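So you can see what is in the structure, the chains are spelled out below.
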Amino acid sequence: MARNEKVFGFDSLTNPISRESKLLAQKYDKPSLSNALFLMQRTDASIAVLLSIPVYTHLQSSPTRQLTGFISAVILTANLVETALKGLDSQNFSIRIDDINPATQETNLYNKNTTSDLNASYGLKIWEHQFKFCDRTWKIVISPDNHFLAVHGTALPWMTLSGGLFFSSLLSVLLLTISGKRAHVEALVDIRTAELRVAEKSARESAAQLRTVVESQPECVKVVALDGSLLQMNQAGLNMLEADNLQQLKATCLAERVLPNYRTAFAGMLQRVFSGQSVITEFEISTLKGRRRWLESHAVPMRNTTGDIIAMLSVTRDITERKRAEESQRLAARVFGEAHEGIVITNADGIIIDVNPMFCEITGYSRDEVLGQNPNILQSGNHSPDFFQGMWNSLKTHRHWQGEVWNRKKNGDLFAELLSISVLCDEQEQIIHYLGLFSDITESKQQQQLLELLAHFDPLTRIPNRTLFTDRFLQALAHSKRDQSLLAICFLDLDGFKPVNDEFGHDVGDQVLIEVADRIRQTLREADTVSRHGGDEFAVLLSDLRSIEESKLAISRIHQAILEPYLINEQTITIGVSTGITVYPLDDSDPDTLLRHADQSMYQAKLAGKNRFHLFDASQNQQEIDRHKQVNDIKTAFHGQQFCLYYQPKVNLKSGQVVGVEALIHWVHPERGLISPLLFMPIITASHLEIEVGNWVIKQAWQQLGAWHNQGLSLEVSINISGYHLLSPGFIEHLDATLATQPQLASQFFQLEILESTALDELSAVNKVIKACRDQLGVKVALDDFGTGYSSLTHLRHLPVDCVKIDQSFVRDMLGNPDDFAIVESVISLSDAFHREVVAEGVENHNQVNVLLLMGCELAQGFVIAKPMPADDIAGWTQGYQPHSSWSLLVEQNISAEKALITIFRIELRQWLNQIHACLDSTHQPGWPVMNSKKSHFGRWLKRAQQHAIYPIQILEKISKAYKELLQHGIALKHHVIKGEFETAQHYFSDLQIIHEDIDQQLLNL
């Protein structure tokens, strides 16, 4: 093999002479000799010929006989002659061998020249002979030179050589050498043929074994051609693609089975494999039956014996279940990481093994701090051991527990959480994990506590409101009956309180009310009750009395305490009080009548000169006589058809749509003109006439609703229903009969507003009626005057109402009174939490509308929208209604919750400045705004913002400094106005405007 390195890998068919010899050998199925050629592995010009013999896989008679290649032998003609002449003296004659094949030109194969040619005159003849070598004819020519005669002296020796046996022997040796070469090559062919047969048998056995292995594979094994077409696939692959046979699958385009989203990746896989790479790819396919499956394919290039890539071999497995599991894991991880609830997982021993980010956010602990800990690190100490024992009993019995828990954060703060614990078990029902999910409900609990407080206590003075007073009143009556003692019911109204508000402002007036409530409370016994009923009115219950004189002495002590001067903001203030008293059972009336008698007696005290008390005397009750006369007048007017309904529109502030109207009864008096319902409806409270009037309102409003809907006005109509009317016998039947008069009209457009909240003490009865109205009749129900103390959180939680209406007193003062703002905010928040609509009543200006929108209240009614109007005017007003441009602009801005609060404060400060400006008018002072930062909504927020560093501290400090200066200038301006120094006050107001603009700009920078 030495010196043949140059021809390794050389394709001999590219040489025309070699190719011609091989084609002839294949054509005639016998050895073939080539014409003369030169060898590339030799550097000299040696002439050679190539002897080629075809090699087949089977015998000639076999039908499966195939050509596998050629065995070729290289013959150097020079070596051939040298072997034949070995031992002979050929120095004095020349030898020439030529290929004289008829198909080609004569070609010299060997030529040995002499130093001097033979002279023709010597008469020596040239020896020449032709012979066959395989499929070609060679000619050998031998001639002597001049030296031959010089050496031998005569031509006789040459004649002996040419005519004798010498040259014949030489030719025989040459032919024998050639035959040996051929025999050697043919022997090689036989050996190679035998080897091929053994290899073929081994290959067949290996192929059979390979087919068995491939077909037994659970994965898909396939071969894909360079053009992407399918060549072969095992049964597992056919099953995977839901094909009946290979031909069915070949009839389709393999790439089209890949879903569109993954075809680019699939094509990229083919391209990379056919470029020589090994590739692993995942993609999703659609089977022949339309099912979707995820596959993972490991593909490699297939090469032929020369190393050329001829196809792609891939092993593919179905990873659909793995993908589903991975997707489930990703979803679980995303839920775990992004859930808004805290999640904690413990092992069976209760040791924490994982928590989610929200757990850390709520508790303040990092994940590393709690891993390996017991959840009891969060215990607040607010729950007894029995509480936790009940929790574990539930987990043991029901595998689940849910409830409210008070825990403690890392910083020590308490927080309330709604906690759900589930037990996770293995296949043998052995506990392996505990899963806890909780949400922070601290804010909701605080709002609930606030509303519970508002439901039973006056938010300003912190003494009982009407609801709690009514409850204690009924208990005191029962106690009086049981112990046969006297019970004094007292109504107190402050004298001279309005001038305090007018002169010193509402903030000072509020401080006076707080002090009055505290003084009354200090003079009473523990068994007595004091309640604020609104404004400057208070009610007192004096229990366990043995004489009327005891009640008089107690009221005298209260009066004496109230008459003491009040020092508020270095201002000395004095007021008086008028009180009405009635004593049970000397006045043996029902609770409502007793309260009215005390109220009437209070007015008698005022008529008598104020600052005194008056004891009710039933025998001389002129007020009662007057009341009966009023009731008769109202009854006459009702039967004389002097009542009519006016309608006040309700609109969606955000969309600008008119959504409905509230029906308000009016008395068209022949002499006094149009009389408001507030002046006559309370007179007939809890009477049969109230029911008659209420039923008439239902009928009239329902008829008008039908008329509007026939005109194409899709409005909702709401009417006011007292608690007494709601619980009266036959209410449901009458409402049902009325609705039946217009069966084509959907009852969902009809809404009942519950007015008299005192009747809501009978929650069970009221609940049944409301449910019947909603579930059986389809009408809606609203809870009116919410937040005044008449309504409670209990009503909002348990009564199935659709809507909550915020009382107008809170809406009116919410921009100047932080407590009223907090009530409005809480009502909106709780209504949203309980999935109730919320409507703001009594909206009177655009600032109130803008603040309500920023707080998330979208429904409102009030004079800023429209006053109550006759039914005939509603259609025209609705068609021409356009919401104020400032409302639409605010809606379009889509302000975030954080920016909304800043905008509210900007509006509040602007209104504060407008109130100051209004007070500059010496002829009319509507009341000074709050000038104490501790009592202002903005001042309280600013303090919290600084404490918690909610915003950049530098900006907050600038705002705080400017706000302090604003209040100081406001107080100074107020003093100048009180002294009548209006010109100086006007200069202060100009400074206020500059300071306000600075604060407003700083707020915009937050």
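In case you missed it, the structure is sitting above this.
Residues numbered from 1 in each chain as written. Predicted model: local features only at pLDDT ≥ 70, side-chain atom pairs only at ≥ 80, totals over all residues. Heavy atoms only, no water.

## Some thoughts on the pairing of strand E10 (residues 230–233)
Argument step 1. Pairing geometry for strand E9 (residues 220–225) and E10, over three bridges, is antiparallel. By the bridge assignment, valine 223 is partnered in E10 with glutamine 232.
Argument step 2. Here E9 folds back onto E10 in antiparallel fashion, the turn holding four residues, of which glycine 228 has a positive phi close to 90°. (Pairing = 2+ DSSP bridges. Helix = DSSP H or I, 4+ residues; strand = E, 2+ residues; numbered from the N terminus.)

## Observations regarding the pairing of strand E30 (residues 750–754)
Argument step 1. Taken across its five residues, E30 has five buried, putting it largely inside the fold.
Argument step 2. Side chains Phe750, Leu752 and Ile754 of E30 all project onto a buried face; the interleaved residues Gln751 and Glu753 project onto the opposite face, where all are buried too.
Argument step 3. Two elements, strand E29 (residues 716–721) and E30, share five bridges in a ladder whose sense is parallel. Bridge pairing links asparagine 720 to glutamate 753 in E30.
Argument step 4. Sheet topology note: the E30/strand E31 (residues 780–786) ladder contains four bridges and is parallel. Each bridged residue has a counterpart across the sheet, and for glutamine 751 the counterpart in E31 is lysine 780. (Buried < 20%, exposed > 50% of the residue type's maximum accessible area, 1.4 Å probe, protein only.)

## Brief notes about helix H28 (residues 871–880)
An α-helical turn contains 3.6 residues, so any two residues separated by three or four positions project in the same direction.
Argument step 1. If you check which residues of H28 are buried, you get Ala871, Ile874, Ala875 and Thr878. Seen end-on, H28 carries its buried residues on one side only, within an arc spanning 95°. The exposed set on the far side of H28, more than 90 degrees from its buried face, consists of Asp872 and Gly880.
Argument step 2. Summarising the contacts, the buried residues of H28 are in contact with strand E26 (643–652), strand E27 (658–669), helix H20 (688–710) and strand E35 (869–870). (Arc of directions from axis to C-beta. Contact = heavy atoms within 4.5 Å.)

## Topic: the nonpolar core
A general tendency of soluble globular proteins is for nonpolar side chains to be buried together.
Argument step 1. In this structure, Ile719, Phe731, Leu735 and Phe750 are the most contacted members of the largest nonpolar core, which totals 90 residues.
Argument step 2. Here leucine 735 is in contact with Ile698, Phe750, Leu752, Cys773, Leu777 and Val779, once residues within four sequence places are set aside.
Argument step 3. Ranked by size, the runner-up nonpolar core spans 33 residues in total, among them Leu494, Phe497, Phe504 and Val583. (Core = buried A, V, L, I, M, F, W, Y, C linked by side-chain atoms within 4.5 Å.)

## Focus: the packing of helix H31 (residues 937–948) against helix H32 (residues 953–978)
Argument step 1. For the pair H31 and H32, the least separation of the axes is 10 Å and the interaxial angle reads 150°. By the angle between their axes, H31 is roughly antiparallel relative to H32. In this structure, H31 meets H32 at a crossing whose hand is left-handed. The segment H31 lies against H32, with Phe938, Gly939, Leu942, Ala945 and Gln946 engaging Ile953, Leu956, Glu957, Ile959, Ser960 and Tyr963. (Axes fitted to C-alpha atoms, helices over the stretch in contact; angles between N-to-C directions. Parallel < 35°, antiparallel > 145°, perpendicular 65-115°, else oblique. Left-handed = near helix turned anticlockwise from the far one by under 90°.)

## Observations concerning the sheet that holds strand E5 (residues 93–99)
Argument step 1. With antiparallel pairing, four strands are arranged side by side in an open sheet as E6-E5-E8-E7. If you trace the sheet from one side to the other, it starts and ends with strand E6 (107–112) and strand E7 (127–133), each paired once. The sheet shows a mean angle of 15° between the axes of neighbouring strands, taken without regard to direction.
Argument step 2. Where E5 lies against strand E8 (residues 136–144), seven bridges are found, and the strand directions are antiparallel.

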